[in-house]
Structure formats: structure tokens, C-alpha cells
Amino acid sequence: MRRTSSTIPFGYVLSEKDSRYLTEVPKELEVLDEIKSLVSSKVLSLREGSAWIEHKTGRKLSHVGLKKIIDNERLGT
């Protein structure tokens, strides 16, 4: 995936070969998908989901960042 901004999205890291590209981190994306569905179905709050993501991946994602990801997915962006 080509990098389009200075912010690196959750679930991606800079490519070691070319900093203009991003590389997927499959484990982070799997955990994100799992937590998104739990938050969307109101099993977890955004803050709880954010804490679980950090616990399972070791990478922080704020509750606001998680909300933006979920909202963008709903809007199809």
C-alpha cells in the first residue's frame, strides 16, 4: 500500500525497502477486526476496545482513533 500521509494507520508499518510504502501487520489487523465487531455490537466500549487492542498487540490505539476507524468503515471511506 502506498503511503499517502505522515500518519501510519493502525495495522501497518513503514516498508523496510521503501519508506513511501506501508506493509500490513496481519496480527494487528486481525485483532482490530475482532475488536471493531465487539464495539459495533456494544459488547465492549470504545475505551475497553482500545485497551484490549493494546493488550493483544502491544501497539496503542486511542478510543478516538478506534471510533474514527469504525465510523470510516460505516461510511465506506
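Only a predicted model underlies this, so the values are computations on that prediction, with no experimental measurement involved.

J.: Lay out the overall build of the chain with the relevant residues and their values.
T.: Counting its regular elements, the chain contains 3 helices and 2 strands. Sequence-ordered secondary structure for the chain, helices as α and strands as β, is β-β-α-α-α. Judged by the C-alpha coordinates and their principal axes, the chain covers about 40 × 25 × 15 Å. Within the chain, the proportion of its 77 residues that are buried is 26%. Accessible surface computed for the chain: about 5,500 Å², of which carbon and sulfur atoms make up 53%.

J.: An account of the packing of helix α2 (residues 46-57) against helix α3 (residues 63-75) is needed here, citing residue identities and associated values.
T.: With their axes 8 Å apart at the nearest point, α2 and α3 run at an angle of 100 degrees to one another. With respect to α3, the element α2 is oriented roughly perpendicular. Listed contacts from α3 to L46, R47, G49, S50 and I53 of α2 are H63, L66, K67 and I70. Residues belonging to the contact of α2 with α3 are distributed by class as follows: 4 nonpolar, 3 polar and 2 charged.

The rules behind these values
Residues numbered from 1 in each chain as written. Predicted model: local features only at pLDDT ≥ 70, side-chain atom pairs only at ≥ 80, totals over all residues. Heavy atoms only, no water. Helix = DSSP H or I, 4+ residues; strand = E, 2+ residues; numbered from the N terminus. Buried < 20%, exposed > 50% of the residue type's maximum accessible area, 1.4 Å probe, protein only. Areas by Shrake-Rupley, 256 points an atom, 1.4 Å probe, with all protein chains shown as cover. Axes fitted to C-alpha atoms, helices over the stretch in contact; angles between N-to-C directions. Parallel < 35°, antiparallel > 145°, perpendicular 65-115°, else oblique. Contact = heavy atoms within 4.5 Å. Nonpolar A, V, L, I, M, F, W, Y, C, P; charged D, E, K, R; others polar.

Purely spatial values, then, with no claim about function.
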